[in-house]
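# Coordinates in review
Residues per chain, in single letters:
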Amino acid sequence: MNKKPRILMVGRRFWPHGGWDSACALLQQAVSLQRRGLHVEVLTPKYHSSWPDQTVVREITVHRSCDAPRRDWSIGKYVRLMGAWIRERARDMDLIYLDSPREELLATIDATADRRTAVLVRCLSGDYLSDIRWWQHNRNGKRCLAAANRAHGIILDHASIEKELIMLGVDRPKMFRIPIGIERSLPIHPEQRWETRKALAQANLDLSTEPDTPVVLCHAAMTELGGVNRLVQVARILLLRFPNLRIWLVGDGPLRDTIYNNLRAEGVRASVAIPGSFSDPADVFRAADCFFQPSDVGLNYFLPLAISMDLPIVSVNSVQIRQSLDAACEGAEGAGQARHVPSDPGLPSDLVHSSLLSGNGEEPSGFLAWCDADSPKSIKEAMISVLTAMPEAKLRAQKLRELMMKRRSENHCLDALTAAIHRLSTNPL
């Protein structure tokens, strides 16, 4: 009888950090792998001394072995403490999965150097969120790059990051191209949306609406790079055009107070809710009518969630966002998608569903309303185009979900991830 693989998932943030895209994505992956019969535990730091060292979230044991690093000078201590915990517990695990190749990878590689525990790490592409860019500008970057080359497997989203990694000297046989999957969900009826809105209003009065109130949702970190200010700049104009409109800015960050004061100064604070973060953001997506993607943040969980819920999407025009949507259309050049890149008899030949590698001539990015990130006028016009033609926008959203489900179904992407885990946990070297 085959042994159930024991997986330790490591990330900088996990539940209850629902305002962080990486935390939500890691939680979703952990729950999905647990449901597929793997034994999953999670290692993540604690952000307050009152947090317990161990807890259980959705039947998954979560370990908080050390305090989160607050400043650069505390990174070294953080790596040492996490490495010591992994060194003690790694013998009980078949594979360690990391959601980024940063300091947590340093701790893991050092702690597992003399063991056969497999190490699998996800490498993100993008602009300022790119792990490769981070390697180039962080003082620990070179060490993290070297650690990534010592890992047994690297997961990446599409061909462009694969080429960058090869240029940096990372071994190609270690790479698995597995895109972010789109979850299958049932259409949300108006009655269900209204029930969700009533429940949210009971939790936070700022989220009170009427059944026919149009709601624009922006879920992102309130930082300079998060992009929330792009929607704040046009909020007054949009509310003059649509007096019944409500804008929900969900998330936290150092700019929260500044955004609040700016909205008060503009006289639109009553129509713009800033409720903070939710440990499970699915309900605010379920209650919204339109989603604004303000930057490259949120491509692992928030944008896929908006797609799965048939929300019309207005997005800033970004190469990374277009790549994340159209990666399944790379054709022959990207034919390693969602499988081990080189030919490998140890991996199932049907690991990739054929629809992942062939399209019908349509690109998913064609179903979004695009705007120029640096032009408030462009953002305003894109929002107005969606809000004034909501039935057509919802039809485009439905077509986008159907197309993405054909090419990047969450089930097929999880099949690929599970197969990679089984392969590496059985034969890590």
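It is worth spelling out the nonpolar core at this point. One finds Leu249, Phe285 and Phe292 to be the most contacted residues of the largest nonpolar core, which totals 73 residues. When residues in this core are grouped by element, the largest group, 7 residues, is from helix α8 (residues 228-241). When near neighbours in sequence (up to four residues on either side) are disregarded, phenylalanine 285 contacts Leu217, His219, Phe291, Phe302, Leu305, Ala306, Met309 and Leu311. With 36 residues, the next largest nonpolar core counts Cys66, Ala90, Leu98 and Ala148 among its residues.

The predicted model of the chain averages 87 in pLDDT, with 90% of residues at 70 or higher. Low confidence marks residues 329-361, where pLDDT is under 50. Its contacts with residues over four positions away, or in another chain, come to 71 contacts.

Bringing α8 into the picture now. Its 14 residues give α8 an end-to-end C-alpha distance of 20 Å, which sits within 8% of 20 Å, the value for a rise of 1.5 Å per residue. Approximately 45° is the largest bend angle found in α8, and it occurs at alanine 235. Within α8, the full set of buried residues consists of Val228, Leu231, Val232, Val234, Ala235, Leu238 and Leu239. Where α8 is buried, its residues meet β9 (215-219), β10 (246-250), α9 (256-266), β11 (272-276), β12 (290-293) and α14 (376-387).

So, about the packing of aromatic side chains. Tallying each qualifying case throughout the model produces 4 aromatic pairs. Judged by centre distance (5.7 Å) and plane angle (75°), the rings of tyrosine 301 and phenylalanine 302 are edge-to-face. In this structure tyrosine 301 comes out as buried when scored by relative accessible area, which is 10%. Overall, phenylalanine 302 belongs to the buried group, its relative accessible area being 1%.

On to the pairing of β11, then. Buried residues dominate β11, accounting for 5 of its 5 residues. Of the strand pairs in this sheet, β10 and β11 are connected by 3 bridges, and their pairing is parallel. Bridge pairing in β11 links isoleucine 247 to valine 272. Crossover connection from β10 via α9 to parallel β11: handedness right-handed.

On to the pattern of salt bridges, then. Counted under the stated rule, the structure contains 19 salt bridges. With a closest N to O distance of 3.5 Å, aspartate 280 and arginine 58 form a salt bridge. Residue aspartate 280 is located in the loop between β11 and α10 (282-287), and its partner arginine 58 is located in the loop between β3 (54-57) and β4 (60-63); the two are separated by 222 residues in the primary sequence. The exposure class of aspartate 280 is partly exposed, given its relative accessible area of 38%. The shortest N-O distance in the salt bridge between arginine 197 and aspartate 289 comes to 2.6 Å. In this pair, arginine 197 is assigned in helix α7 (residues 190-203) and aspartate 289 in the loop between α10 and β12, connecting sequence segments 92 residues apart. Arginine 197 sits in the buried class, given a relative accessible area of 2%. The network of salt bridges with shared partners includes Arg12, Glu103 and Glu104.

What counts and what doesn't
Along each chain, residues carry numbers from 1 onward, in the same order as the chain's sequence is written. Totals for whole chains, interfaces and linings use every residue, but because this is a predicted model, local features are given only for residues with pLDDT of at least 70 and side-chain atom pairs only at 80 or more, for both listing and counting. Only hydrogens and water are removed before side-chain values are computed, so all heavy atoms of the structure are retained for them. In plain words, nonpolar cores are sets of buried Ala, Val, Leu, Ile, Met, Phe, Trp, Tyr and Cys residues tied together by side-chain atoms within 4.5 Å. Under the scheme applied here, a residue whose accessible area is under 20% of the maximum for its type counts as buried, over 50% as exposed, and between as partly exposed, the area being computed with a 1.4 Å probe on protein chains only. Working definition: helices are DSSP H or I runs of at least four residues, strands are E runs of at least two. Numbering for both runs from the N terminus. Pairs of residues are marked as contacts when any of their non-hydrogen atoms sit within 4.5 Å. A score between 0 and 100, pLDDT records how confident the predictor is in each residue. Given the number of residues in a helix, its expected span is that number minus one, multiplied by 1.5 Å. Here the bend at a residue is taken as the angle between two axes, fitted respectively to the seven residues that end there and the seven that start there. Pairing of aromatic rings covers Phe, Tyr and Trp, the last counted by its six-membered ring, and requires centre-to-centre distances within 6.5 Å; plane angles under 30 degrees mean stacked, over 60 mean edge-to-face, and any other angle means tilted. Strand pairing is assigned whenever DSSP identifies at least 2 bridges connecting the two strands. Handedness rule for crossovers: strands pointing away from the viewer, path from the first strand over the helix to the second running clockwise, crossover right-handed. Note on definitions: salt bridges are taken to be side-chain nitrogens of Lys or Arg within 4 Å of carboxyl oxygens of Asp or Glu.

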